[in-house]
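Structural features, examined
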Amino acid sequence: MTDTASKHVERQMEARYIPMIGYAEAWEMQKSIVRQISQEERQETLLLLQHPPTYTLGTDRHHEHLLLSEDELNERGISVFEIDRGGDITYHGPGQLVGYPMLFLPMEGLDLHAYLRNVEQAIINWLAEYGIEAGRKPEYTGVWVGNEKIAAIGVKFNRARDRGGFVTSHGFALNIEAGIGNEGFSGIIPCGIQEYGVTSFNDLSGVTLSVEEAARQLLPHFCRVFGFSTPALLEQRAE
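These remarks concern the structure in this document.

Conventions used here
Residues numbered from 1 in each chain as written. Predicted model: local features only at pLDDT ≥ 70, side-chain atom pairs only at ≥ 80, totals over all residues. Heavy atoms only, no water. Helix = DSSP H or I, 4+ residues; strand = E, 2+ residues; numbered from the N terminus. Buried < 20%, exposed > 50% of the residue type's maximum accessible area, 1.4 Å probe, protein only. Expected span 1.5 Å × (residues − 1). Bend = angle between axes of the 7 residues up to and from the residue. Polar contact = N/O pair within 3.5 Å; in protein donor to acceptor, adjacent residues only side chain to side chain. Contact = heavy atoms within 4.5 Å.

Attention shifts here to unusual backbone geometry. For Glu40, which is not glycine, the phi dihedral falls at a positive 60 degrees. Backbone geometry places His170, a non-glycine residue, at a positive phi of 55 degrees. Along the chain, His170 falls in strand β10 (residues 165–175). Residue classification places His170 among the buried residues on the basis of a relative accessible area of 2%.

Our focus in this paragraph is helix α6 (residues 211–226). With 16 residues, α6 extends 22 Å from end C-alpha to end C-alpha; this agrees with the ideal 22 Å at 1.5 Å per step. Along α6, the helix axis deviates most sharply at Leu218, where the bend reaches about 30 degrees; the proline Pro220 sits within four residues downstream. Those residues of α6 not exposed but buried are Val211, Ala214, Ala215, Leu218, Leu219, His221, Phe222, Cys223 and Phe226. Of the residues one or two after α6, Gly227 is the one with positive phi, at around 80 degrees.

A few words now on the side chain of Lys137. As for its position among the elements, Lys137 is in the loop between α4 (112–128) and β8 (143–145). For Lys137, the side chain forms a polar contact with the side chain of Asn147, separated by 2.8 Å. The residues contacting Lys137, other than those within four sequence positions of it, are Trp144, Gly146, Asn147 and Tyr196.

Next comes the structure, spelled out in structure tokens:
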């Protein structure tokens with residue numbers, strides 16, 4: 001005898017935390033995982049990680065929003081990549097939790113905007129646990145606290161031709177450590193937005209939280225929003 005509860009099977013996913021990995025290596029890793037998911041050779045996967053100082057320019061790139069010369073970039077040790085996600089320029093660096101969800105979105109009921117809103121919602125829900133009232137700005141993606149952005153979001157939808165849908169890549173960059181807005185972000189006009197600022201979890205909460213702790217706390221919120229059971233967060237070292 002079975003009932004409705006026993007018939008329900010939660011979606012399964014893999015989640016990994018990488019303490020530090022170069023941007024190029026992580027990008028190649030994403031491409032490989034996307035191919036495997038497209039061919040049904042791997043579970044849907046969430047990578048949570050940190051990058052060394054890096055600027056990425058998405059498909060809406062405006063090079064004038066990069067304010068540093070090549071010499072200044074070299075002096076600060078900041079790499080620059082032109083990549084295939086949506087959006088303009090943003091910063092990745094130590095003290096920031098970067099998340100790359102690689103999820104399969106079937107054609108039936110497909111809503112790409114809803115996917116973006118769900119990524120934002122997972123972050124909003126986590127921040128609410130600390131009494132931080134975060135939300136959205138209608139004209140922009142990302143998560144905002146007042147007029148300051150705490151999380152940038154830029155994604156790519158990769159067509160999974162054999163499965164009739166898409167696999168997501170790229171994702172979100174959530175500022176955790178205090179003062180991050182005064183470091184790498186000072187060399188760019190983040191996402192081309194001049195009138196608003198950037199903030200971080202530690203600045204807002206007064207709590208000193210490591211990036212790994214933030215990753216472990218955010219994971220169940222992400223899984224809840226997207227309908228996954230929460231997996232163990234496995235730590236992986238970059239090769």
